[in-house]
Amino acid sequence: MWFRNLQIYRLPENWALTADTLQEKLAARPFQPCGSQDMASRGWSSPTKDDRFVLPVKGHFLISLAVEQKLLPSSVVNDVAADKAEMIEAQQGYKPGRKQMKEIKEAVLQELLPRAFTRRRRVFAWIDPVGGWLVIDASSPARAEEVLEALRDTLDELPVKMVKTRLSPVSVMTGWLAANEASGNFTIDLDCELRAVTDEKAAVRYVRHALDGKDVQDHLAAGKLPTRLALTFDDRVSFVLTEKMEIKRVAFLDIIKEEADKNAESADMQMEADFALMSGELSRLIPALLEVLGGEDKETVI
């Protein structure tokens with residue numbers, strides 16, 4: 001349940017949906033596995049694997065979207081369709097035309113879909129109505145869009161804003177590396193990617209490597225800019241900040257997980273304890289990060 005990636009969105013002001021109302025709306029659109037002719041299916045699932053579609057803890061909500069996809073590569077469909085096209089050519093004496101070939105592929109797809117393997121995954125989202133955040137544990141905006149689309153369908157509308165900052169992450173990360181020091185309660189860790197802005201896009205990656213050496217300064221002087229930088233917040237949460245204001249590879253340090261273990265009196269309460277600690281830490285990290293990036297730019301709506 002501990003989030004690994006953060007795609008951050010700003011909820012509308014005065015967003016007042018209660019846990020009970022959200023539970024009712026999500027329960028009306030539960031996940032159903034793919035039918036025999038479905039390529040994909042998605043719907044809401046219980047984040048706690050019981051009958052709850054919303055886990056409310058201290059005013060924060062945890063929800064989960066289940067997504068199932070059929071694994072049927074286009075190359076397989078094309079190969080089977082080609083074999084059938086050869087058989088039809090032998091029967092009718094000439095190659096199938098474009099329209100007939102399209103019909104053959106559609107028939108092959110319908111034939112193979114019921115036998116295709118499926119892959120199922122869950123995407124978690126954290127809603128903080130008081131702080132005004134919607135945070136999705138997704139590695140890319142495209143993956144996060146699955147949750148946003150499902151929420152729009154479920155709630156009829158969801159005018160969220162993708163979080164933008166007044167200062168670009170690249171400019172701030174460049175200043176930190178040049179000074180060998182981050183600002184606020186952030187510290188620089190050992191991973192970084194520097195990329196040239198020229199057409200060649202030359203890149204240098206540091207992995208578990210000290211970033212206070214002359215070589216980093218030389219790359220900065222040559223015009224390379226940081227596109228990824230590993231940081232730690234308040235000695236409690238480590239992560240990688242990207243040029244696109246994405247937060248990746250989030251790692252909650254052992255002291256936080258130990259606190260969650262102590263707060264859980266039973267296995268049933270462990271999920272709630274984990275979520276309470278995680279949401280509490282992220283509620284501190286996100287505003288602090290926005291502050292060192294010059295504050296929030298509140299114009300963009302998606």
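Rules of the game
- Residues numbered from 1 in each chain as written.
- Predicted model: local features only at pLDDT ≥ 70, side-chain atom pairs only at ≥ 80, totals over all residues.
- Heavy atoms only, no water.
- Helix = DSSP H or I, 4+ residues; strand = E, 2+ residues; numbered from the N terminus.
- Expected span 1.5 Å × (residues − 1).
- Buried < 20%, exposed > 50% of the residue type's maximum accessible area, 1.4 Å probe, protein only.
- Arc of directions from axis to C-beta.
- Contact = heavy atoms within 4.5 Å.

**Observations regarding helix α2 (residues 74-92)**
Argument step 1. Here α2 is 19 residues long and its end C-alpha atoms lie 26 Å apart, about the 27 Å a rise of 1.5 Å per residue gives.
Argument step 2. All of the buried residues along α2 are Val 77, Ala 81 and Ala 85. Viewed along the axis of α2, the buried residues span an arc of 70°, placing them on a single side of the element. With respect to the buried face of α2, the exposed residues turned more than 90 degrees away are Asp 79, Glu 86, Met 87 and Ala 90.
Argument step 3. Contacts from the buried residues of α2 go to α3 (98-112).
Argument step 4. Where α2 terminates, the next one or two residues include Gly 93, which has phi positive at roughly 85°.

**Comments concerning unusual backbone geometry**
Argument step 1. Positive phi, close to 60°, is recorded for Asn 14, a residue that is not glycine.
Argument step 2. In this structure, Asn 14 sits in the loop between β1 (7-10) and α1 (19-27).
Argument step 3. Residue classification places Asn 14 among the exposed residues on the basis of a relative accessible area of 76%.
Argument step 4. At Lys 49, a residue that is not glycine, the phi angle is positive and equals roughly 60°.
Argument step 5. Its location among the elements puts Lys 49 in the loop between β2 (40-45) and β3 (55-57).
Argument step 6. Classification of Lys 49 as exposed rests on a relative accessible area of 72%.

**As for the environment of Ala 66**
Argument step 1. Inspection of the secondary structure puts Ala 66 in strand β4 (residues 60-71).
Argument step 2. Given the relative accessible area of 3%, Ala 66 is considered buried.
Argument step 3. Along the backbone, Ala 66 and Arg 42 are 24 residues apart, and their C-alpha atoms lie at a distance of 5.5 Å.
Argument step 4. The residues touching Ala 66, leaving out its near neighbours within four places in the chain, are Phe 31, Ser 41, Arg 42, Gly 43, Ser 45, Arg 121 and Arg 122.

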